[in-house]
Amino acid sequence: MTKENIIRQAYEAAVERYAAVGVDAREAMDKLQKISLSMHCWQADDVSGFENQGGSLTGGIQVTGNYPGRARTIDEVRADVLKAASLIAGKHRLNLHEIYGDFQGRKVDRDEVEPAHFESWMQWAKENGMKLDFNSTSFSHPKSGDLTLANPDDAIRNFWIEHTKRCRWISEEMGKYQDDPCIMNLWIHDGSKEVPASRLKYRQILEQSLDEIFATEYKNMKDCIEAKLFGIGLESYTVGSYDFYLGYGAKKNKIVTLDTGHFHLTESIADKVSALLLFTPEIMLHVSRPIRWDSDHVVILSDDLLDLAREIIRCKALDRVHIGLDYFDATINRIGAYVIGCRATQKAFMQALLEPSATLQQYEAEGKYFQRLALQEEMKSLPWTAVWDMFCLQNDVPVGEDYIAEIEKYEAEVTSKR
């Protein structure tokens, strides 16, 4: 019997097994097919970008490792993204930081950037069936320092306000071009190594900056605002904390970004989903994996990720939650890191979509808590992997571990020669 026949046979058996607990496995596959992940361009080159300004990564973030084969040019980044996407089922988006503009070797400062610097990205994305999302970039710049949009120095602050305004303009043009809203994420590293004399002062400045940035309304882009717990060298105080952005987002009707690495390690991100959905229009997810701090390890199929996926499905919120990835690992093959993380995220949503929600909710409504817990436990051993394998087969991407050989071949033929 061929491998394909084994996969199909296992899938048909899984369909019957899930039907026995009231779950339509085929419907789950159809729903997963429609979930587009926003792949992060910065995994390909260790958050270097193409500004040609030199210097190291700053702003409280850090990439570890020096695995050979890092993408060095815009063409290499694009090639690596397409190779990774070819090994991931479904159609997905690409999330760009501003420093990845097509600057043609010219120095363009961040308060001078324009949509023209991203026209080739828009064309490339369209040719390859991808949609684009965007991010302003406040780190790794001579004017970054410890404070950008929260800086009391008007010259520095206005520089970053202008930069962020231009990023919103670029996002609007991207949204128009692709006839689909571009999600623009605003994250700044602003903070302090020690506790400042006044926490309020810098948050008042940040609020004023945001009000000025968001004064122009656009129709083809969506704003989201991202908090962080702390950055390296800025451990004691973060201006744009979760509480700050939650309050601002609820007050101003902005999307709040939940980066799974930007909270205390024992804090449940899944628990925040239902609360945010009540008070903000949508949610942007940055799926990462923190180890002791916001270390952005490659995403794997963990309990935390499963819990997050289940919560989104239980809330029936797929139309209100945008799913992006955010990690950068330079200790292993970078295309492999892309594929592992994307497929792990899809596996989590596959399991969530195969959950017998109606039965579990009925048990709960009837006070049958033993039955609820028992069914939740039994679901862990049902044959979701057979459904996953079939999903990959139908999308003509490698099943199981077969993608390892594909990435090894690409490394031998392409990345090892850089």
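Residues numbered from 1 in each chain as written. Predicted model: local features only at pLDDT ≥ 70, side-chain atom pairs only at ≥ 80, totals over all residues. Heavy atoms only, no water.

Asks: Outline the overall build of the chain, supporting the account with residue identities and numerical values.
Replies: The helix and strand inventory of the chain stands at 14 helices and twelve strands. Against the globule reference of 22 Å for 418 residues, the chain gives a C-alpha radius of gyration of 22 Å, in line with a compact fold. Projecting the C-alpha coordinates of the chain onto the three principal axes gives extents of approximately 65 × 55 × 40 Å. In the chain, once contacts between residues fewer than 6 apart in sequence are set aside, the share between residues at least 24 apart is 82%. (Helix = DSSP H or I, 4+ residues; strand = E, 2+ residues; numbered from the N terminus. Rg over C-alpha atoms; globule rule 2.2 N^0.38 Å. Contact = heavy atoms within 4.5 Å.)

Asks: Let's hear about the sheet that holds strand β12 (residues 321-325): which residues, and what values?
Replies: An order of β1-β2-β3-β4-β6-β8-β9-β12 is seen for the eight strands of this closed barrel, with the pairing classed as parallel. Here the average twist between neighbouring strands, direction ignored, is 30°. As defined by bridge partners, strand β9 (residues 283-287) adjoins β12 across five bridges and the pair is classed as parallel. Across the sheet, the residue bridging to valine 287 is leucine 325, located in β12. (Pairing = 2+ DSSP bridges. Axes fitted to C-alpha atoms, helices over the stretch in contact; angles between N-to-C directions.)

Asks: Outline helix α3 (residues 74-85), listing residues and values.
Replies: Compared with the 16 Å implied by 1.5 Å per residue over twelve residues, the 16 Å span of α3 between its first and last C-alpha is a close match. Looking at α3, one finds that the buried residues are Ile74, Glu76, Val77, Arg78, Asp80, Val81, Lys83 and Ala84. Buried residues belonging to α3 abut β1 (37-40), β2 (93-97), α4 (119-127), α10 (334-353) and α14 (403-413). (Expected span 1.5 Å × (residues − 1). Buried < 20%, exposed > 50% of the residue type's maximum accessible area, 1.4 Å probe, protein only.)

Asks: Provide a residue-level description of the packing of aromatic side chains, including the pertinent values.
Replies: For the structure shown, the criterion picks out eleven aromatic pairs. For the ring pair tyrosine 202 and tyrosine 237, a centre distance of 6.4 Å and an interplane angle of 55° mean the geometry is tilted. You can see tyrosine 202 sitting in helix α6 (residues 199-213) and its partner tyrosine 237 sitting in strand β7 (residues 237-238), a full 35 residues away along the chain. Using a relative accessible area of 17% as the deciding quantity, one classes tyrosine 202 as buried. Sitting above the plane of the tryptophan 121 ring, arginine 78 keeps its charged end 4.3 Å from the centroid. (Phe/Tyr/Trp six-rings, centres within 6.5 Å; stacked < 30°, edge-to-face > 60°. Lys NZ or Arg CZ within 6 Å of the ring centre and 35° of its normal.)

Asks: Break down a nonpolar patch on the surface for me, citing the residues and quoting the values.
Replies: On the surface, Ile300, Ile332 and Ile340 cluster together to form a nonpolar patch covering roughly 200 Å² of accessible area. Residue placement: isoleucine 300 occurs in the loop between β11 (293-297) and α9 (303-314). Residue isoleucine 300 is classed as partly exposed on the basis of its relative accessible area of 38%. (Patch = residues over 30% accessible without salt bridge, like charges linked within 9 Å, V, L, I, M, F, W, Y side chains within 5 Å. Areas by Shrake-Rupley, 256 points an atom, 1.4 Å probe, with all protein chains shown as cover. Salt bridge = Lys/Arg side-chain N within 4 Å of Asp/Glu carboxyl O.)

Asks: Go over the pattern of salt bridges, please, and point to the residues and values.
Replies: Following the criterion strictly, the structure yields 27 salt bridges and no others. A salt bridge links glutamate 406 to lysine 83, with the nearest nitrogen and oxygen atoms 3.4 Å apart. One end of the pair, glutamate 406, is in helix α14; the other, lysine 83, is in helix α3, with 323 residues separating them in the sequence. Between aspartate 180 and arginine 93 there is a salt bridge, and its shortest N-O distance comes to 2.7 Å. Remark: arginine 93 occurs in strand β2 and aspartate 180 occurs in the loop between α5 (154-178) and β4 (182-186); sequence separation between them is 87 residues. One salt-bridge network, in which partners are shared between bridges, spans Arg72, Glu76, Asp80 and Arg418.

Asks: Requested: an account of α10, with residues and values cited.
Replies: End to end, α10 covers 29 Å across 20 residues, agreeing with the expected 28 Å (1.5 Å per residue, within 8%). Most of α10 is tucked away: 18 of the 20 residues are buried.

Asks: Provide a residue-level description of the UniProt feature "binding site: Mn(2+)" (unreviewed entry) in the chain, including the pertinent values.
Replies: Residues annotated in UniProt with the feature "binding site: Mn(2+)" (unreviewed entry) correspond here to His262, Asp294 and Asp296. The greatest C-alpha distance among the annotated residues, which extend across 35 residues, is 9.6 Å, indicating that they converge on a single site. Topologically, aspartate 294 is positioned in strand β11. When its relative accessible area of 7% is taken as the criterion, aspartate 294 is described as buried. When near neighbours in sequence (up to four residues on either side) are disregarded, aspartate 294 contacts Lys228, Asp259, Gly261 and His262. Summarising the element assignment, aspartate 296 is placed in strand β11. We classify aspartate 296 as buried; its relative accessible area is 3%. Apart from residues no more than four positions distant in its own chain, aspartate 296 is found in contact with Ser288, Arg289, Asp326, Tyr327 and Phe328. Here the side chain of aspartate 296 touches serine 288 through a polar contact of 2.8 Å, side chain to side chain. (UniProt positions renumbered as here; feature names shortened; annotations may be inferred. Polar contact = N/O pair within 3.5 Å; in protein donor to acceptor, adjacent residues only side chain to side chain.)

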